[in-house]
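Notes for the structure review
Single-letter residue listing:
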Amino acid sequence: MPRSAQGAPPQVIVTCEHASCSVPEQYSWIAEPFRRLIATHRGWDPGALAVAKAMAKTFDAPLHAAQHSRLLCDANRTEDHADLFSVVSCRLSPSERERMLAELHRPHWARVRAHVKSGIATGSRIVHLAPHTFTPILRGEVRRVQLGLLYDPSHALESLIASRLRRHLAVHLPQLRVAMNEPYAGVSNALPTALRGEFPRTRYAGLEFELNQQLLDSASGFRRVTDALCQGLVEVLHGLQHPDASD
């Protein structure tokens, strides 16, 4: 493997696995009875694509977004995961599920995997950013976290990025309630989790970002959080060019 250039910044790739609640025409027959459910937070992550676009623009990075509802097949789950298919698609036959995977799930994973592999082959470090949003109330419980930084605590590079980013946000947006690995664990079944097992940890880091959908209530507030998050990532990733910088 070629060695990376001394002091070179990492390459950024942005993905959005729950960008849309769209249903391709060929699957409208199974989705029609569930159209109201698909339009809710269970069918997609409202606002996540806007965050992903802001991140991609900030870093002039490629953006790979899955353009189908996760209630068809979840683009953020491995093919062997129990929640890959939902109440909407679980009644499909094995052959119909295979077709859905071939048309919707595998192409997204293949594009992301190929991009990471290509970057690593040039000697670069790859930082994979994957934004999501979550419902503020789940099963009657109010979720107080406003922004969750999801990563693998045993992954040195991911831990460094997450800790420095949290500190940046505490200074520049102190009123924002930021938590590490909440409301979900960063090692849960997901695309970044899977890629950690495929690529060297010194070359690949994958972080997910969970924004409370309550932030969507104010366009200016949502933009303020997104801007602070992107600016923090710029500062943190720029710092990675200096290997002797202390944490």
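Residues numbered from 1 in each chain as written. Predicted model: local features only at pLDDT ≥ 70, side-chain atom pairs only at ≥ 80, totals over all residues. Heavy atoms only, no water.

This part is about the overall build of the protein. Looking only at helices and strands, one finds seven helices and eight strands in the protein. Computed over the C-alpha atoms, the radius of gyration of the protein is 18 Å, within 12% of the 18 Å expected from 2.2 N^0.38 for a compact globule of 247 residues. Expressed as lengths along the three principal axes of its C-alpha atoms, the size of the protein is roughly 55 × 45 × 30 Å. Looking at the protein as a whole, 51% of its 247 residues qualify as buried. Taking the contacts inside the protein whose residues are at least 6 apart along the sequence as the reference set, 81% of them involve residues at least 24 apart. When the accessible area of the protein is evaluated, it comes to approximately 11700 Å², of which 53% is carbon and sulfur surface. (Helix = DSSP H or I, 4+ residues; strand = E, 2+ residues; numbered from the N terminus. Rg over C-alpha atoms; globule rule 2.2 N^0.38 Å. Buried < 20%, exposed > 50% of the residue type's maximum accessible area, 1.4 Å probe, protein only. Contact = heavy atoms within 4.5 Å. Areas by Shrake-Rupley, 256 points an atom, 1.4 Å probe, with all protein chains shown as cover.)

Right, let's talk about the confidence of the model for the protein for a bit. Confidence along the protein averages 93 in pLDDT terms, with 95% of residues attaining 70 or more. Segment residues 1-6: pLDDT under 50, and 12 contacts once partners within four positions in sequence are set aside and those in other chains are kept. (pLDDT = per-residue confidence, 0-100.)

Turning our attention to unusual backbone geometry. Residues Glu182 and Pro183 are joined by a peptide bond in cis, for which omega reads 0°. Structurally, Pro183 is set in the loop between β7 (178-180) and α6 (191-196). Here Asn181, not a glycine, exhibits a phi torsion of approximately 55°, which is positive. Position of Asn181 among the secondary structure elements: in the loop between β7 and α6.

Let's shift gears to the environment of Ser124. Locating Ser124 in the fold gives a position in the loop between α4 (94-121) and β3 (126-134). With relative accessibility at 15%, the residue Ser124 sits in the buried group. A sequence separation of 113 residues divides Ser124 from Gln11, and the C-alpha atoms of the two residues are 6.5 Å apart. With sequence-adjacent residues up to four places away left out, Ser124 is seen in contact with Gln11, Gly119 and Arg203. Here the side chain of Ser124 touches Thr122 through a polar contact of 3.2 Å, side chain to side chain. (Polar contact = N/O pair within 3.5 Å; in protein donor to acceptor, adjacent residues only side chain to side chain.)

When you tally the buried positions in β3, you get nine out of nine residues, the bulk of the element. Of the two faces of β3, the one lined by Ile126, His128, Ala130, His132 and Phe134 and the one lined by Val127, Leu129, Pro131 and Thr133 are each fully buried. Of the strand pairs in this sheet, strand β1 (residues 11-16) and β3 are connected by four bridges, and their pairing is parallel. Residue pairing across strands places Val12 opposite Val127, the latter belonging to β3. Where β3 and strand β8 (residues 204-212) come together, nine bridges link them in parallel fashion. Each bridged residue has a counterpart across the sheet, and for Thr133 the counterpart in β8 is Leu211. (Pairing = 2+ DSSP bridges.)

A few words now on the nonpolar core. Residues Met55, Ile161 and Phe209 are the most contacted members of the largest nonpolar core, which totals 39 residues. Elements supplying a minimum of two residues to this core: β1, α3 (48-59), β3, β6 (147-150), α5 (156-172), β8 and α7 (219-239). Ignoring any residue separated from it by four or fewer positions in sequence, one finds Met55 in contact with Val14, Leu129, Pro131, Phe209, Leu229, Cys230 and Leu233. The next biggest cluster of nonpolar side chains, apart from the first, holds 15 residues, and it includes Tyr27, Ile30, Ile38 and Leu104. (Core = buried A, V, L, I, M, F, W, Y, C linked by side-chain atoms within 4.5 Å.)

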